[in-house]
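So the chains spell out like this:
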Amino acid sequence: MAREPLDEAAATDLAKVFKALADPVRLRLLSLIASHEGGRAGVGDLIGRFDVTQPTISHHLKVLREAGLVASEKRGTWVYYRALPAALARLSSLLAAPTAMSAQGPAPAGVAPRGAGRTEPRPV
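Because the structure is a prediction, the values reported are computed rather than measured.

How would you sum up the sheet that holds strand 3 (residues 78–83)? Please name residues and give values.
Strand order in the open sheet made by the 3 strands is 1-3-2, with antiparallel pairing throughout. The outermost strands of the open sheet, each flanked by one partner alone, are strand 1 (40–42) and strand 2 (70–75). Between one strand and the next, the sheet's axes are offset by a mean angle of 30°, whatever the strand orientation. Sheet topology places strand 2 next to strand 3; 6 bridges connect them, and they run antiparallel.

Written out as structure tokens, the structure is:
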């Protein structure tokens with residue numbers, strides 16, 4: 001977003017992703033899935049961590065899946081979820097602010113980048 005403006009289609013698509021992440025339960029679910037050993041988590045691994053019912057967890061997982069943040073795989077009677085690395089990488093790169101150096105361009109030879117050598121007062 002900081003490098004070039006989003007077109008309408010990209011903004012609409014990203015709004016769905018951000019809406020899915022705007023719920024604290026869904027945000028925690030995504031974090032639990034992404035950080036789970038082996039990168040996959042079953043519904044049984046997730047349910048006990050929340051004060052909501054299993055159908056509510058299933059609904060939140062469906063929203064994450066529809067937003068393209070997780071994929072699911074059914075094995076027997078269990079469904080396992082995994083975070084989609086491409087979706088997480090897209091969000092990461094989208095939200096990454098350009099560094100001061102890249103925003104200003106390289107400093108001319110012998111000139112320190114703006115702010116170099118300056119110290120800011122520390123809050124007390």
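With reference to specific residues and values, describe helix 1 (residues 8–21).
In a regular helix each residue adds 1.5 Å, so 14 residues correspond to 20 Å; helix 1 covers 20 Å between its end C-alpha atoms and thus fits that length. Those residues of helix 1 that sit buried are L14, V17, A20 and L21. Projected onto a plane normal to the axis of helix 1, the buried residues spread over an arc of 110° and lie on a single side. Across helix 1 from its buried face, at more than 90 degrees, point the exposed residues E8, K16 and K19. Buried residues belonging to helix 1 abut helix 2 (24–35), helix 4 (54–66) and helix 5 (85–95). By the N-cap criterion, in which a side-chain oxygen at the helix start approaches the backbone nitrogen of a residue two or three places on, helix 1 is capped by D7, the distance to A9 being 3.3 Å.

Describe the packing of aromatic side chains, with residues and values.
A full pass over the atoms with the stated rule returns 0 aromatic pairs. Sitting over the face of the ring of Y80, R75 holds its NZ or CZ atom 4.8 Å from the ring centroid.

I'd love a proper account of the nonpolar core, names of residues and values included.
By size, the foremost hydrophobic cluster in this structure holds 25 residues, and its most contacted members are L29, L30, I33, L46, L61, L64 and L69. Where this core is concerned, the elements lending two or more residues are helix 1, helix 2, helix 3 (43–47), helix 4, strand 3 and helix 5. The biggest single contributor to this core is helix 2, with 5 residues. Other than its neighbours up to four places away in sequence, L46 contacts L29, L32, I33, A41 and L61.

Let's hear about the pattern of salt bridges: which residues, and what values?
All chains considered together, the criterion is met by 4 salt bridges. The salt bridge involving E66 is made with K62; its shortest N-O contact spans 4.0 Å. On the criterion of helical spacing, the pair formed by E66 and K62 is a turn pair, its members being 4 residues apart in helix 4. Between E73 and R75 there is a salt bridge, with the nearest N and O atoms lying 3.2 Å from each other. Judged by its relative accessible area of 41%, R75 falls in the partly exposed class. Salt bridges linked by common partners bring R40, E73 and R75 together as one network.

Help me get a handle on helix 2, residues and values and all.
Given 3.6 residues per helical turn, the α-helix brings residues three or four places apart onto the same face. An ideal rise of 1.5 Å per residue puts 16 Å on 12 residues; helix 2 measures up with 16 Å between its terminal C-alpha atoms. The N-cap residue of helix 2 is D23: its side-chain oxygen and the backbone nitrogen of V25 are 2.8 Å apart.

About the cut-offs
- Residues numbered from 1 in each chain as written.
- Predicted model: local features only at pLDDT ≥ 70, side-chain atom pairs only at ≥ 80, totals over all residues.
- Heavy atoms only, no water.
- Pairing = 2+ DSSP bridges.
- Helix = DSSP H or I, 4+ residues; strand = E, 2+ residues; numbered from the N terminus.
- Axes fitted to C-alpha atoms, helices over the stretch in contact; angles between N-to-C directions.
- Expected span 1.5 Å × (residues − 1).
- Buried < 20%, exposed > 50% of the residue type's maximum accessible area, 1.4 Å probe, protein only.
- Arc of directions from axis to C-beta.
- Contact = heavy atoms within 4.5 Å.
- Polar contact = N/O pair within 3.5 Å; in protein donor to acceptor, adjacent residues only side chain to side chain.
- Phe/Tyr/Trp six-rings, centres within 6.5 Å; stacked < 30°, edge-to-face > 60°.
- Lys NZ or Arg CZ within 6 Å of the ring centre and 35° of its normal.
- Core = buried A, V, L, I, M, F, W, Y, C linked by side-chain atoms within 4.5 Å.
- Salt bridge = Lys/Arg side-chain N within 4 Å of Asp/Glu carboxyl O.

By themselves, these observations are geometric and do not establish any function.
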